[in-house]
Amino acid sequence: MAQGLDATAAWTLSIDDIERIATGATLLGAGGGGDPYISLLAARQMYEAGGRKATVISLDQLADDALVLCVAGFGAPTVMKERLFEPAHVLHALRALETHIGQKADALIAAEMGGGNALYPVLAAAECGLPIVDGDGMGRAFPELQMTSFSIGGVAAAPFAMTDEHLNTVICNAKPDKRAEAFARITCMEMGLSSSLAAYPMTGEAAKRVVIRDTMTLSLKLGQIISAARQAASPIDHLVNAIRTEAPTSEAVRLFDGKVVDVYRSTERGFAVGWFELAPVSSNGSGARIEFQNEYLALTVDQRPRALAPDLICVVDAETAEPVPTPDVRFGQRLSVLGLACDQTFKTEHALSVVGPRAFGLHYDYKPLAELSRAK
């Protein structure tokens, strides 16, 4: 095991912390990242049984020669919401990857900061006694394997291991990461569109270069803000104002308030894809349309973009400020749409070729959230 993990500075997660992280990460997931409900049940059961508690460390506590592995759920959110998940599944994928590369992990990290996927490393880390790095590869959720700061920074996804609920396991060495995504997607489809993934083996030195920092901490803060917003007289106003003052790096913008009047959702090519339309709260004004591929990708009003990936389009319940993932959008819901600025990592020309609107087949060039808001 690599030296240099400062255990005295680790932050031990309480079950309340985990619940707040799940809520905050569901907001950051921008509609995707998986439903945290089953993962939360597993965490509660683990803690109530007196098992080990998960700990979080900062990137700077990693030794440069530490081995960091990424664990996540991989599939279509609409399917994963209905499939059972156990910590043993992701632990099996982790052990399979360790065996393949011939080295034990020193720390785990989330692939993305989505609701369910923020908790996969928490469960695996508690099971095997490893720390979790405070960070991830997206600062939000994206649908494809190569859409990470890891890949963009030159850290390969492969070799990676994938496991289904029957512990059928596949090891893949495909490169580049766009090709690895194609193999992973086909494998996931054979696994019923719900699988556990262990990927992106990297050193501590590489992690310090490519990881988006402190996103577990940010998720906890956002979860606390949402919890307080539920009790506020005006939940959405409270949510937006609190994000601006308590988590100012997120640059919250209130984009649209409306009622769902039409929804189209389909599972295609291993993704949950579709759109929904919102009518304005007042009888005046134009309606809005949100397109998604696992995550919300584009908000348009009068066919003009108001927010575009990689910036975060976050849909919340208008009465509770609770984030609403793509599988949970229903006809008649009253929703508010917020925009949060993405990490600067994703605003370079190279990054936008991987995670910008045109990477998803949308016919828009990316413009920052603040610029589109001013254009309104």
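It should be noted that the structure appears before, not after, this text.
A quick note: this is a predicted structure, and the numbers were derived from the prediction, not measured.

Criteria and cut-off values
For every chain, the first residue of the written sequence is number 1, and numbering continues from 1 onward in sequence order. Totals for whole chains, interfaces and linings use all residues, but because this is a predicted model, local features are given only for residues with pLDDT of at least 70 and pairs of side-chain atoms are given and counted only at 80 or more. Side-chain metrics rest on all non-hydrogen atoms present in the structure, leaving aside hydrogens and water. When a carboxyl oxygen of Asp or Glu is within 4 Å of a side-chain nitrogen of Lys or Arg, the pair counts as a salt bridge. In this description a helix means any DSSP run of H or I spanning at least four residues, a strand means any run of E spanning at least two, and both kinds are numbered starting from the N terminus. What a helix should span is 1.5 Å times the count of its residues minus one. Relative accessibility decides the category of a residue: with a 1.4 Å probe and only protein chains considered, values under 20% of the type maximum give buried, values over 50% give exposed, and everything between is partly exposed. It is the directions from the helix axis to the C-beta atoms that the arc portrays. Any pair of residues with heavy atoms lying within 4.5 Å of one another is described as a contacting pair. Fitted lines through C-alpha atoms give the axes, limited to the stretch in contact for helices. The angle between two N-to-C directions lies from 0 to 180 degrees. Angles below 35 degrees are treated as roughly parallel, those above 145 as roughly antiparallel, those between 65 and 115 as roughly perpendicular, and all remaining angles as oblique. Helix crossings are classified by the rotation of the near helix relative to the far one: an anticlockwise turn of less than a right angle makes the crossing left-handed, while a clockwise turn makes it right-handed. We call Asp, Glu, Lys and Arg charged. Ala, Val, Leu, Ile, Met, Phe, Trp, Tyr, Cys and Pro are nonpolar, and the rest, Gly among them, are polar. Two rings from Phe, Tyr or Trp (for Trp, the six-membered ring) form a pair when their centres are within 6.5 Å of each other. A pair whose planes differ by under 30 degrees is stacked, one over 60 is edge-to-face, and the rest are tilted.

(A) Expanded view of the pattern of salt bridges. Enumeration according to the criterion identifies 13 salt bridges in this entry. Note that Arg 254 is salt-bridged to Asp 237, the shortest N-O span being 2.5 Å. Here the residue Arg 254 occupies a position in strand E11 (residues 253-268), and Asp 237 occupies one in helix H10 (residues 235-246), the gap between them amounting to 17 residues. Residues joined by salt bridges that share partners form a network here, namely Arg 95, Glu 98 and Lys 104.

(B) Quick peek at helix H2 (residues 37-48). The terminal C-alpha atoms of H2 lie 17 Å apart, and with 12 residues this matches the ideal 16 Å at 1.5 Å per residue to within 8%. Among the residues of H2, those classed as buried are Ser 39, Leu 40, Ala 42, Ala 43, Met 46 and Tyr 47. Taken around the axis of H2, the buried residues stretch over an arc of 160 degrees, which confines them to a single face. Residues Tyr 37, Gln 45 and Glu 48 are exposed on H2 and point more than 90 degrees away from its buried face. Where H2 is buried, its residues contact helix H1 (15-28), helix H4 (87-101) and helix H5 (120-128). Within two residues after H2, Gly 50 carries a phi angle of roughly 80 degrees, on the positive side.

(C) Summary view of the packing of helix H9 (residues 215-230) against H10. In contact at an axis separation of 9 Å, H9 and H10 are set at 150 degrees when each is read in the N-to-C sense. Overall, the two elements H9 and H10 adopt an arrangement that is roughly antiparallel. When you trace H9 past H10, the crossing you get is right-handed. Contacts from Lys 221, Leu 222, Ile 225, Ile 226, Ala 228 and Ala 229 of H9 reach H10 at Pro 235, His 238, Leu 239, Ala 242, Ile 243 and Glu 246. For the contact of H9 with H10, the per-class residue count stands at 9 nonpolar, 1 polar and 2 charged.

(D) Molecular detail of the packing of H1 against H9. Here H1 crosses H9 at 90 degrees, and the two axes come no closer than 6 Å. Between H1 and H9, the angle falls in the class roughly perpendicular. Taking contact as the criterion, the partners of Asp 17, Arg 20, Ile 21, Thr 23, Gly 24, Ala 25, Leu 27 and Leu 28 in H1 are, on H9, Met 216, Leu 218, Ser 219, Leu 220, Leu 222, Gly 223, Gln 224, Ile 226, Ser 227 and Arg 230. Of the residues that constitute the contact of H1 with H9, the class distribution is 9 nonpolar, 6 polar and 3 charged.

(E) Quick peek at the environment of Ala 242. With respect to the element layout, Ala 242 can be found in helix H10. Overall, Ala 242 belongs to the buried group, its relative accessible area being 6%. Between the alpha carbons of Ala 242 and Thr 345 there is a distance of 24 Å; along the sequence they are 103 residues apart. Each residue touching Ala 242, except ones within four places of it in the same chain, is listed here: Ile 225 and Ala 247.

(F) Looking closely at the packing of aromatic side chains. Counted according to the given criterion, the structure contains 6 aromatic pairs. Taken together, a centroid distance of 5.5 Å and an interplanar angle of 75 degrees make the contact between Phe 142 and Phe 346 edge-to-face. Here Phe 142 is found in the loop between strand E6 (135-136) and helix H6 (149-152), whereas its partner Phe 346 is found in the loop between strand E17 (334-340) and helix H11 (349-355), with 204 residues between them in sequence. For the pair formed by Phe 142 and Phe 346, the shared burial category is buried. Residues Phe 142 and Phe 360 carry aromatic rings whose centres are separated by 6.5 Å and whose planes lie at 25 degrees to one another, so their mutual orientation is stacked. Here Phe 142, found in the loop between E6 and H6, pairs with Phe 360, found in the loop between H11 and helix H12 (369-375); they are 218 residues apart in sequence, far enough to count as distant.

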